[in-house]
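Geometric and topological summary
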Amino acid sequence: MSPAAPAAWPRRVRFLRIHRLGIGVRVDLVSAAITAALVLVTAVVGVRSLGASTTDTPGLGFVEVLRVLAGQVGGSAADHVAGWLPVVVTAILGGASLALSGAIFQTLTRNPLGSPDIIGFTTGANTGALVAMLVLGLGSGGATVGALLGCLGTALVVYFLGMRGGTGNYRFIIVGIGVSAMLLSFNGYLVATADAQNAGAAAAWGMGNLRDLSMADTVPVFVTLAVLVPALMVVAPRMRMFELGTDSAASKGVDTERTQMMLLVIGVGFAAATTAIAGPIAFVALVAPQVAARITPSPGIPLVTSAAVGATLLVSSEVVARTILAPQTQLPVGVVTTSLGGVYLLFLLLAQSRKARP
């Protein structure tokens, strides 16, 4: 009997090897094409956002914005673009960062509801920022640190109560939802007992807001992506083992508890970096990985495509939030993402209930 032929990959899959570095990457050509299209859409929407009108200034045309970026136009047009460049950069990088966080936790839990905004991590970040601003009086800089600590602390509590020791993934999500509910109640208490001025600033931050940013504010997101993306690339092969369950990953030699802890830190870092700057922007981490999984033929949740969807979603939501009521007012971007995410969450719950029917 002749030996069985090795399994063949689909024709759309190619292997790219860098022999000098000893690195091999499996590339799905269809997924790569979809990701490239999303990057193009993000760039177009980003340019449109740079030229969008505001409550103070009229807008710029698409070609005029490109001329400003090329250094061919100065004056008030250049000032307009420079003023909104940090917002657009943060929206693109922050959307990608939130999407990667959602992809990590949805893969770990094998549940589309396993995202940092549903299981309470971003709520914990909001709690940390409120404590820093309203209780300790540390201002915006202290709020950033407080958000980071609050996000990490909440993640550790949810992990040790819900997943440590191999407990079920549904328990992890339920514990996260419970912790989130308690933190929301505490956040409401902090805002209700603060003076009017501080309460207004805290409430605005808690809705998710990309306005009034400077290029210095984009540095934490840049640094986070520069550090955590390579770390995720190293851990990603082991993370893929969790797609069939913790027991399956352990049977293949994966140190499941150590890997889960590493992915927890990486996923929290992605979520906290954006939340600390812009506040808790809801539903991007929930929606982007699931959309990426549905529009690509790759098994599981594709990380690169998820990041591209997240960037497209947040930069598009930002330009909608800025222009939908212009020139009278501008909405916080969290209002738009929550509206979109609420519709998607309803669709997701209906789809899950249909699958559960006999």
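This text gives an overview of the structure that appears in the document.

Criteria and thresholds
Residues numbered from 1 in each chain as written. Predicted model: local features only at pLDDT ≥ 70, side-chain atom pairs only at ≥ 80, totals over all residues. Heavy atoms only, no water. Core = buried A, V, L, I, M, F, W, Y, C linked by side-chain atoms within 4.5 Å. Buried < 20%, exposed > 50% of the residue type's maximum accessible area, 1.4 Å probe, protein only. Contact = heavy atoms within 4.5 Å. Helix = DSSP H or I, 4+ residues; strand = E, 2+ residues; numbered from the N terminus. Polar contact = N/O pair within 3.5 Å; in protein donor to acceptor, adjacent residues only side chain to side chain. Axes fitted to C-alpha atoms, helices over the stretch in contact; angles between N-to-C directions. Parallel < 35°, antiparallel > 145°, perpendicular 65-115°, else oblique. Left-handed = near helix turned anticlockwise from the far one by under 90°. Nonpolar A, V, L, I, M, F, W, Y, C, P; charged D, E, K, R; others polar. Phe/Tyr/Trp six-rings, centres within 6.5 Å; stacked < 30°, edge-to-face > 60°.

Remarks on the nonpolar core
Ranked by internal contacts, the top residues of the largest apolar core, which has 74 residues, are Ile104, Phe121, Leu210, Leu232, Phe270 and Ile281. Not counting the four nearest positions on each side in its chain, Ile281 is found in contact with Leu98, Gly208, Leu210, Leu314, Val333 and Thr337. In this structure, Ile118, Val287, Leu345 and Leu348 belong to the second largest nonpolar core, which totals eight residues.

Observations concerning the side chain of Thr107
Relative to the helices and strands, Thr107 is located in helix H3 (residues 75-109). There is a polar contact of 2.7 Å between the side chain of Thr107 and the backbone oxygen of Ala103.

Looking at the packing of H3 against helix H12 (residues 303-323)
Closest axis-to-axis distance for the H3/H12 pair is 7 Å, and the angle between their directions is 140°. Relative to H12, H3 is oriented oblique. The chirality of how H3 crosses H12 is right-handed. Along the contact surface, H3 presents Trp84, Val87, Val88, Ala91, Ile92, Gly94, Gly95, Ala96, Ala99, Leu100 and Ala103, while H12 presents Leu303, Ser306, Ala307, Gly310, Ala311, Leu314, Val315, Glu318 and Arg322. Per-class residue counts for the contact of H3 with H12 are 14 nonpolar, four polar and two charged.

Focus on the packing of aromatic side chains
Scanning the entire structure with this criterion turns up three aromatic pairs. Between the aromatic rings of Phe186 and Tyr189, the centroid separation amounts to 6.5 Å while the plane-to-plane angle is 25°, which identifies the pairing as stacked. Residue Phe186 and its partner Tyr189 are located together in helix H6 (residues 169-193), separated by three residues, close to a single helical turn. The class for Phe186 is partly exposed, based on a relative accessible area of 36%.

Things to note about the packing of H3 against helix H8 (residues 219-240)
Working note: a packed helix pair is described by the angle between its axes plus the distance between those axes. Running from N to C, H3 and H8 cross one another at 25°; their axes reach a closest spacing of 11 Å. Taken as axis vectors, H3 and H8 run roughly parallel relative to one another. When you trace H3 past H8, the crossing you get is left-handed. For the pair formed by H3 and H8, the contact residues are Val89, Leu93, Gly94, Ser97, Leu100, Ile104 and Thr107 on the first element and Val221, Phe222, Leu225, Val229, Leu232, Met239 and Arg240 on the second. Class assignment for the residues of the contact of H3 with H8 results in ten nonpolar, three polar and one charged.

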